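# Understanding the architecture of this molecule
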Amino acid sequence: MAHYGFDRLHSVFALFWRRDSLFWRCVKAMLLPVTGIVFLAITWRKNHGGRQDDPDLEGGRPGKDCKAQRGEESAEEEDFDSECYRVETTDDFYCDYDSTWETEENQKDAPDRTRQPAADRHYQFSRFERAAGDMQNYRRNYPVSYVETYSRIGALYTAIINCDDMPNLNFYLGLKSSAPDGVYIHEFHDWAGDYDALEHVHTYIQWLFPLQEPGMNSEATPLTKEEIKCFLDNSTAKDNLLKSYKLMLDFYGIELCDEKTGEVKRALNWKGRFENLNNHTHNNLRITRILKCLGTLGYCHYQAPLVRFFLEETLVNGELPNVKDSVLNYFVFAVLDKRQRRCLVKFAYLNYDQKDEFVWCPKKFQNIWSNHANVKATNGQA
């Protein structure tokens, strides 16, 4: 009887300690978030629980040469630095988490935020406000406490489990396969045209477009600061990222027609791909991730052309109705270059169906643009 009990106990231990057992998969899935809670608590206490707001790093982070690559500003472009574009916290549809219209001056000494009654009672504004917090967190390169914490956790996790402190870079160099699928970067690029796989496999997007924040794939590791620096200095990694971008553009029915500027257009297969994109809204999350990754890993000048494309398709051409809210709430505000982002918001307002309230910028700016449009129309310039 005792021998029988020992055999059962031995079998249990063998099951738990086998290398590829369920136990180790559970440990791998739970170690990172559990450790994260401990580190976050320590960091919060260290900072006295205060909010650590970095200066707005839009256009001033890895890949920060957006302005140099976008070319000279058009003579027709709005002077967004003029006095009339100074944002006030009392403005109708002012958003506490959107720095698009803030200047360096009012960023340094922001007064107490006061949301206006019109914003309080508008459902669409509430949705935008929730999204704006996430997008500004990204544009500001994430709060220092969050990034440092996750970098330390990520380094510890990968060192213990994978013996690899730069898994995303090594994946892009072809030295490591993705997890849990076990696919190398060149093999992913062979998925071009395999739309069923690209649609229904949900664990590859975190590897093709890594971010400094965790995703739904627990076996993909967030980018670290050191990884980003090494990635930006590696032409092979950047070339492979460009191939990944083209792969996903084709999946969405879009073609990159200028690698220098990032200009895109409809691909020949756009009708079928647009239908798929409109019917499978989880792709909106994927596109948001792609835009963030482009800004982080050296292709920030590709952001605005892609967002402009989606604005034209949704607001001007009437396509992709199930993508429109994500374009306005997320895609536009992923653009790091502040002037380009402002131009995109203005374009969105001037092409928005005015039977609905436009909540994505302060009301006073909308009045300025409407007055300018009316003057042009009166003078026959519209």
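Residues numbered from 1 in each chain as written. Predicted model: local features only at pLDDT ≥ 70, side-chain atom pairs only at ≥ 80, totals over all residues. Heavy atoms only, no water.

## Focus on the overall build of the protein chain
Per the secondary structure count, the protein chain includes 19 helices and two strands. When the 382 residues of the protein chain are sorted by exposure, 45% land in the buried category. Of the accessible surface of the protein chain, which amounts to about 19,700 Å², a share of 53% is contributed by carbon and sulfur atoms. (Helix = DSSP H or I, 4+ residues; strand = E, 2+ residues; numbered from the N terminus. Buried < 20%, exposed > 50% of the residue type's maximum accessible area, 1.4 Å probe, protein only. Areas by Shrake-Rupley, 256 points an atom, 1.4 Å probe, with all protein chains shown as cover.)

## Focus on the nonpolar core
Within soluble globular proteins, side chains that are nonpolar tend to cluster in buried spots. By size, the foremost hydrophobic cluster in this structure holds 87 residues, and its most contacted members are Trp101, Leu208, Tyr245, Met248, Phe310, Leu311 and Trp369. Top contributing element to this core by residue count: helix H13 (residues 235–251), with eight residues. In contact with Phe310, other than residues within four places in its own chain, are Ile254, Leu277, Ile287, Leu320, Val323, Val327 and Phe331. (Core = buried A, V, L, I, M, F, W, Y, C linked by side-chain atoms within 4.5 Å. Contact = heavy atoms within 4.5 Å.)

## Observations concerning the pattern of salt bridges
By the definition in use, this model includes nine salt bridges. The partner of Arg127 in a salt bridge is Asp325, with the nearest N and O atoms 3.3 Å apart. Note that Arg127 is positioned in helix H6 (residues 123–139) and Asp325 in helix H17 (residues 324–331), a separation of 198 residues in sequence. With a relative accessible area of 25%, Asp325 lands in the partly exposed category. In this structure, Arg266 and Glu313 form a salt bridge, with 2.8 Å as the shortest nitrogen-oxygen distance. Placement of Arg266 in strand S2 (residues 264–266) and of Glu313 in helix H16 (residues 303–316) is noted, with a sequence separation of 47 residues between them. The exposure class of Arg266 is partly exposed, given its relative accessible area of 30%. For Glu313, a relative accessible area of 4% corresponds to the buried category. Beyond isolated ion pairs, a larger network of salt bridges with shared partners links Asp134, Glu213 and Lys292. (Salt bridge = Lys/Arg side-chain N within 4 Å of Asp/Glu carboxyl O.)

## What to know about the packing of aromatic side chains
This model, assessed by the stated rule, comprises 26 aromatic pairs. Geometrically, the ring pair formed by Phe171 and Trp207 is tilted, given 5.4 Å between the ring centres and 55° between the ring planes. Of the two residues, Phe171 sits in helix H8 (residues 167–172) while Trp207 sits in helix H11 (residues 205–208), which places them 36 residues apart along the sequence. For the pair Phe171 and Trp207, a shared accessibility class is recorded, and that class is buried. Grouping aromatic residues by their ring pairs yields a cluster made of Trp101, Tyr349, Tyr352, Phe358, Trp360, Phe365 and Trp369. Seen from the ring of Tyr299, Lys238 lies directly overhead, with NZ or CZ sitting 5.3 Å from the centre. The ring of Trp270 has Arg266 lying over it, and the distance from NZ or CZ to the ring centre is 3.7 Å. (Phe/Tyr/Trp six-rings, centres within 6.5 Å; stacked < 30°, edge-to-face > 60°. Lys NZ or Arg CZ within 6 Å of the ring centre and 35° of its normal.)

## Side note on the environment of Trp270
Mapped onto the elements of the fold, Trp270 is located in helix H14 (residues 270–279). In this structure the C-alpha to C-alpha distance between Trp270 and Asp250, which are 20 residues apart in sequence, comes to 8.6 Å. Excluding anything up to four places from it in sequence, Trp270 contacts Gly253 and Glu319.

## Here we look at H13
With 17 residues, H13 extends 25 Å from end C-alpha to end C-alpha; this agrees with the ideal 24 Å at 1.5 Å per step. Looking only at H13, the buried set comprises Ala237, Asn240, Leu241, Leu242, Ser244, Tyr245, Leu247, Met248, Leu249 and Phe251. Its side-chain oxygen 3.0 Å from the backbone nitrogen of Thr236, Asn234 forms the N-cap of H13. Backbone geometry just downstream of H13 places Gly253 in the positive-phi region, at approximately 80°. (Expected span 1.5 Å × (residues − 1). Polar contact = N/O pair within 3.5 Å; in protein donor to acceptor, adjacent residues only side chain to side chain.)

## Some points on the packing of helix H15 (residues 282–296) against H17
Where H15 contacts H17, the two axes come as close as 10 Å, and the packing angle between them is 30°. Taken together, the axis directions place H15 and H17 in an arrangement best described as roughly parallel. Read as a crossing pair, H15 and H17 show a hand that is right-handed. Within the contact between the two elements, H15 uses Asn284, Ile287, Thr288 and Leu291 and H17 uses Ser326, Tyr330 and Phe331. When its residues are assigned to classes, the contact of H15 with H17 shows four nonpolar, three polar and no charged. (Axes fitted to C-alpha atoms, helices over the stretch in contact; angles between N-to-C directions. Parallel < 35°, antiparallel > 145°, perpendicular 65-115°, else oblique. Left-handed = near helix turned anticlockwise from the far one by under 90°. Nonpolar A, V, L, I, M, F, W, Y, C, P; charged D, E, K, R; others polar.)

## Let's talk about the packing of H13 against H15
Running from N to C, H13 and H15 point in directions that differ by 155°, and their axes come no closer than 12 Å. For the element pair H13 / H15, the angle class is roughly antiparallel. Two packed elements cross with a definite hand, and for H13 against H15 that hand is left-handed. Along the contact surface, H13 presents Leu241, Tyr245, Met248 and Phe251, while H15 presents Asn283, Arg286, Ile290, Cys293 and Leu294.

## Comments concerning the environment of Lys238
Along the chain, Lys238 turns up in helix H13. Judged by relative accessible area, Lys238 falls into the partly exposed class, the value being 22%. The spacing of Lys238 and Leu169 is 69 residues in sequence and 9.9 Å in space, taken between C-alpha atoms.

## Brief notes about H6
Over its 17 residues, H6 runs 24 Å from end to end, which matches the ideal 24 Å to within 8%, given 1.5 Å per residue. Where H6 bends most, the angle comes to about 25°, and this point is Ala132. Looking at H6, one finds that the buried residues are Gln124, Phe125, Ser126, Phe128, Glu129, Ala131, Ala132, Met135, Gln136, Tyr138 and Arg139. Immediately beyond the C-terminal end of H6, within one or two residues, lies Asn141, with a positive phi of roughly 65°. (Bend = angle between axes of the 7 residues up to and from the residue.)

## Things to note about the confidence of the model for the protein chain
With 68% of its residues at a pLDDT of at least 70, the protein chain reaches an overall mean of 79. Low pLDDT, under 50, characterises residues 32–56; the predicted model gives this stretch 32 contacts beyond four residues in sequence or across chains. (pLDDT = per-residue confidence, 0-100.)

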